[in-house]
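# Coordinates in review
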Amino acid sequence: MNTPTLPPTAAALSGRHVLVGITGGIAAYKSADLVRRLREAGAQVRVAMTEAAIAFVSPLTFQALSGAPVRHTLIDADAEAGMGHIELARWADAILVAPASADFMARLAGGLADDLLSTLCLASEAPLCLAPAMNRVMWKHPATQDNAQRLAARGVHLFGPASGAQACGETGAGRMLEPMQLVDALGQVFASERLAGRQVLITAGPTREALDPVRYISNRSSGRMGYAVAEAARAAGARVVLVSGPTALPAPAGVERIRVESAQQMHRAVFDRVASCEIFIATAAVADYRPAHPAEQKIKKHADRLSIELIRNPDILAEVAALPKGPFTVGFAAETEELERHAREKRKRKGVDLIAANQVGNGLGFDREDNALVVYGEHDVWDLGTADKRELARRLIERIADALEKRGTAP
Ligand code: CTP
């Protein structure tokens, strides 16, 4: 029999730490070959099995193939003395559970951590990939489909399942992908992580500038663009801190969110974290001015006219860009006219590396799902087109990764 050759994407696995999780299912025998192929691709592999998996294949098989002890119990004094389960979760650059049974997916979807493998999945920030394998009726069941959707929505990668003849004698969707297909899919996950390990700091949403204890000046920013950028940076492998003004949006999975209200609070939160970040992306619609003297008590309506004195807020982006050893900076420019001229001028004036410009007004821009962005660097222009904000955010992250690579600061 000819040995199948590894797919080109396998190159991205070289030197990576892959934790292979094995749950109870007849497809577990194929995982032996998977472990072999991953090692051939240059990955370091550790294996964790559920108790149900042990009924199908012996841990010894995986120990021999992975070259490391196999873990299956949560409380194992010997193992904890070596590489404890939290260390193992941190060690992993990716977790690939293959086969992933219907029961395991249900437990993951529910956030349970009642055995070693589910605990590792919950305790790790690495990309989690599942290769579902089960009888076709179990896969099609609304409970399993719901769980698959919930997991996918949290950013879990689902590899397969494939359709075909099943071990139970039936034919349909539910077969685990072949080991080479899994190597390919995992390679793609790593290859797409253009910001792997980078620290990214993002501002998002509006700010609120208090007039008195119950009133404020703000703007119509929904925060969606910034949250989409945070999600895209996380998906590209970055560690993301999101400093967010008030919005109704949930924090994207795996992103650390710091909530603030005013521009001054946003400024403080950014400068608390900026020293450790390599990329700063300012999407927030920061109020340029704040009331000079916010009233301590609610302002009463006595006079016919009321004037409010406003003073300038700090320009967070410009200050970060002016730091001597500051991060790579990306600003946003919302313009109602002469987009290119204003955006280029703003990039220069604030001293930032890239400006992502969008046209606002006439129903464009704020509080919408889609947007149109053009990115200006010192020499480059990229038109990211019109798309929904999540897609634009992905494209923007790609361009930022390109620009960093061009600068020769790739990891
Ligand atoms: N920004 C910031 N802090 C401020 C104001 C703006 O960090 N106090 C950032 C925004 O997050 C955005 C960029 O600067 O990335 C552009 O902001 P914008 O309000 O469009 O530009 P301004 O510099 O305020 O210029 P103008 O109001 O004249 O358009």
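Residues numbered from 1 in each chain as written. Predicted model: local features only at pLDDT ≥ 70, side-chain atom pairs only at ≥ 80, totals over all residues. Heavy atoms only, no water.

One open sheet accounts for 8 strands, arranged β12-β11-β8-β13-β16-β17-β18-β19; its pairing is mixed. Strand pairing shows two members of the sheet lacking a second neighbour, β12 (256–259) and β19 (381–388), which therefore form its edges. Sheet twist, expressed as the average angle between the axes of neighbouring strands with direction ignored, equals 20°. Across 6 bridges, strand β16 (residues 328–335) lies against strand β17 (residues 354–359) in parallel orientation. (Pairing = 2+ DSSP bridges. Helix = DSSP H or I, 4+ residues; strand = E, 2+ residues; numbered from the N terminus. Axes fitted to C-alpha atoms, helices over the stretch in contact; angles between N-to-C directions.)

On to the domain arrangement of the protein. Domain annotation of the protein identifies domain 1 (8–190) and domain 2 (199–407). Distance from the C-alpha centre of domain 1 to the C-alpha centre of domain 2: 39 Å. (Domains from an automatic or database assignment.)

Another aspect to go through is the side chain of S124. Here S124 shows up in the loop between α7 (116–123) and β4 (128–132). Judged by its relative accessible area of 12%, S124 falls in the buried class. At a separation of 3.0 Å, a polar atom in the side chain of S124 contacts the main-chain amide nitrogen of A126. Ignoring sequence-local partners within four residues, the contact set of S124 consists of A89 and I95. (Buried < 20%, exposed > 50% of the residue type's maximum accessible area, 1.4 Å probe, protein only. Polar contact = N/O pair within 3.5 Å; in protein donor to acceptor, adjacent residues only side chain to side chain. Contact = heavy atoms within 4.5 Å.)

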